[in-house]
Amino acid sequence: VDAMWEIHPMLKDWECMTDLLLEDPVNPEDGLDDIHERFLIEIIACCVKQAATGEYPIVRRTQQSRKLTSKELKQVQDDRALLTQHFIVTLPTLLTKYVADAEKLVYLLQIPSYFELNQYSVRRQEKNLEKLLQLIQEIVTKHNDSDVLDECSKCLAYMCDEDSSIYSKCNIVRSSILDDLVNAFTSSMKKFDQQNEADENEMYPLMIALKRLSAFAVNHNIANYD
């Protein structure tokens, strides 16, 4: 992405890239296979980060450390607004399509952390906000992959910005998720305490509950959810 960023306009053609993922070709052989879909999603996530921050990759950053010019800052602001407007609408559809695929979810869940959150209110996209929040909650409930849970936690932490216009809705969903996680852990712990001995199968619900809870404890205050 870095090598092609300044010479290939498709790296900011969000519509083209997401259409490749969402299109339903008449002939299945004309579409992307699973590996190419995963690579494209990873490229999209890298492009979103580059467009929204203007930062060089770590290797080049140490060699070429400098502040962005006023023109570059304006370009970053414009790019961030455009990608936000596109993915506000498209991301829920992408997450729905790949909701069972942990490898793809890891990259898709990184995208909201580069949104201009107030665009949800400015563009009256509250319904798509609700869809995104519902999907995050569903993913936390269904997945036990550590990377997926970590990205859900980071994504929700970013969206629960107290200065944004969507804080109230995001915080309600966060509270619901944390309540569910704490209750699941408490319930599993009680069952575990009642057993004299426990094999791996009996310990599994407790370990999964702890895994989900610990992923959110890193980025959220769970002290009030007991």
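Since we're looking at a predicted model, the values are computed, not measured.

Engineer: Mind showing me how you'd approach the environment of D145 here?
Structural biologist: Turning to its location among the elements, D145 is positioned in the loop between α7 (126-142) and α8 (146-159). For the pair D145 and I208, spaced 63 residues apart in the sequence, the C-alpha separation amounts to 9.5 Å.

Engineer: How should the nonpolar core be read in this particular structure?
Structural biologist: It is characteristic of soluble globular proteins that their nonpolar side chains tend to be buried jointly. Counting 53 residues, the largest nonpolar core has F87, L95, F115, I136, M159 and F216 as its most contacted members. At the level of elements, α1 (14-22), α2 (34-53), α4 (70-97), α5 (102-108), α7, α8, α9 (167-193) and α10 (200-217) are the ones that each hand at least two residues to this core. Each residue touching F216, except ones within four places of it in the same chain, is listed here: V140, L149, C152, S153, L156, I177, L178 and L181.

Engineer: Help me understand the packing of aromatic side chains in this model?
Structural biologist: How two aromatic rings sit relative to each other is set out by the distance from centre to centre and by the angle between their planes. Under the definition given, this model contains 2 aromatic pairs. Between the aromatic rings of W14 and F87, the centroid separation amounts to 5.7 Å while the plane-to-plane angle is 65 degrees, which identifies the pairing as edge-to-face. With W14 in helix α1 and F87 in helix α4, the pair connects residues that are 73 residues apart, well separated along the chain. Exposure class is identical for W14 and F87. Each is buried.

Engineer: Can you walk me through the side chain of T84 in this structure?
Structural biologist: Counting through the fold element by element, T84 comes out in helix α4. When sequence neighbours within four positions are dropped, the list of residues in contact with T84 reads Y114, F115, E116 and Q119.

Engineer: What's the story with the packing of α1 against α4 in this structure? I'm lost.
Structural biologist: The description of two helices packed together rests on the angle between their axes and the distance between the axes. With their axes 11 Å apart at the nearest point, α1 and α4 run at an angle of 10 degrees to one another. Taken together, the axes of α1 and α4 are roughly parallel relative to one another. Two secondary-structure elements touch here, α1 through W14, E15, T18, L21 and L22 and α4 through L82, L83, H86, F87, T90, T93, L94 and K97.

Engineer: Would you take a moment to explain α9 for this structure?
Structural biologist: Residues spaced three or four apart along an α-helix face the same direction, because each turn holds 3.6 residues. Spanning 27 residues, α9 covers 38 Å between terminal C-alpha atoms, matching the ideal 39 Å at 1.5 Å per step. Buried residues along α9 sit against α7, α8 and α10.

Engineer: Just to check I follow, could you spell out the pattern of salt bridges for this structure?
Structural biologist: Side chains carrying opposite charge are able to pair once their charged atoms draw close together. The tally for this structure, following the rule as stated, stands at 8 salt bridges. Across the pair D34 and K104 runs a salt bridge, and its minimum N-O distance is 2.5 Å. Linking D34 in helix α2 with K104 in helix α5, this pair joins segments that are 70 residues apart in sequence. Residue classification places K104 among the buried residues on the basis of a relative accessible area of 1%. A salt bridge links E138 to K142; its shortest N-O distance comes to 2.8 Å. Of this pair, E138 and K142 both sit in helix α7, 4 residues apart, which is roughly one turn of that helix. What makes E138 partly exposed here is its relative accessible area of 28%. The network of salt bridges with common partners includes D34, D101 and K104.

Engineer: In this structure, what is going on with the side chain of R212? I would like to understand it.
Structural biologist: Positionally, R212 belongs in helix α10. No salt bridge is formed by the buried R212. Its closest oppositely charged neighbour is D180, at 10 Å. Engagement of the side chain of R212 in a polar contact is seen with the backbone oxygen of H143, the distance being 3.1 Å. Beyond its immediate stretch of four places on either side in the chain, R212 contacts V140, T141, K142, H143, N144, L149 and L181.

Engineer: Any chance you could explain a nonpolar patch on the surface here in plain terms?
Structural biologist: A contiguous nonpolar patch, built from M10, L20 and L32 and spanning about 200 Å² of accessible area, is present on the exposed surface. Looking at the element boundaries, L20 is found in helix α1.

Engineer: Any chance you could explain the environment of M203 here in plain terms?
Structural biologist: Positionally, M203 belongs in helix α10. Judged by its relative accessible area of 28%, M203 is partly exposed. For the pair M203 and F192, spaced 11 residues apart in sequence, the C-alpha separation works out to 7.1 Å.

Engineer: Can you help me understand the packing of α7 against α9 in this one?
Structural biologist: It is the contact of α7 with α9, at a shortest axis distance of 10 Å, that shows an interaxial angle of 15 degrees. With respect to each other, α7 and α9 are oriented roughly parallel. In terms of crossing hand, the pair formed by α7 and α9 is right-handed. Contacts between α7 and α9 involve E126, L129, E130, L133, I136, Q137 and V140 from the first element and K169, C170, V173, S176, I177, D180 and L181 from the second.

Rules used in this analysis
Residues numbered from 1 in each chain as written. Predicted model: local features only at pLDDT ≥ 70, side-chain atom pairs only at ≥ 80, totals over all residues. Heavy atoms only, no water. Helix = DSSP H or I, 4+ residues; strand = E, 2+ residues; numbered from the N terminus. Core = buried A, V, L, I, M, F, W, Y, C linked by side-chain atoms within 4.5 Å. Buried < 20%, exposed > 50% of the residue type's maximum accessible area, 1.4 Å probe, protein only. Contact = heavy atoms within 4.5 Å. Phe/Tyr/Trp six-rings, centres within 6.5 Å; stacked < 30°, edge-to-face > 60°. Axes fitted to C-alpha atoms, helices over the stretch in contact; angles between N-to-C directions. Parallel < 35°, antiparallel > 145°, perpendicular 65-115°, else oblique. Expected span 1.5 Å × (residues − 1). Salt bridge = Lys/Arg side-chain N within 4 Å of Asp/Glu carboxyl O. Lys, Arg positive; Asp, Glu negative; His and termini not counted. Polar contact = N/O pair within 3.5 Å; in protein donor to acceptor, adjacent residues only side chain to side chain. Patch = residues over 30% accessible without salt bridge, like charges linked within 9 Å, V, L, I, M, F, W, Y side chains within 5 Å. Areas by Shrake-Rupley, 256 points an atom, 1.4 Å probe, with all protein chains shown as cover. Left-handed = near helix turned anticlockwise from the far one by under 90°.

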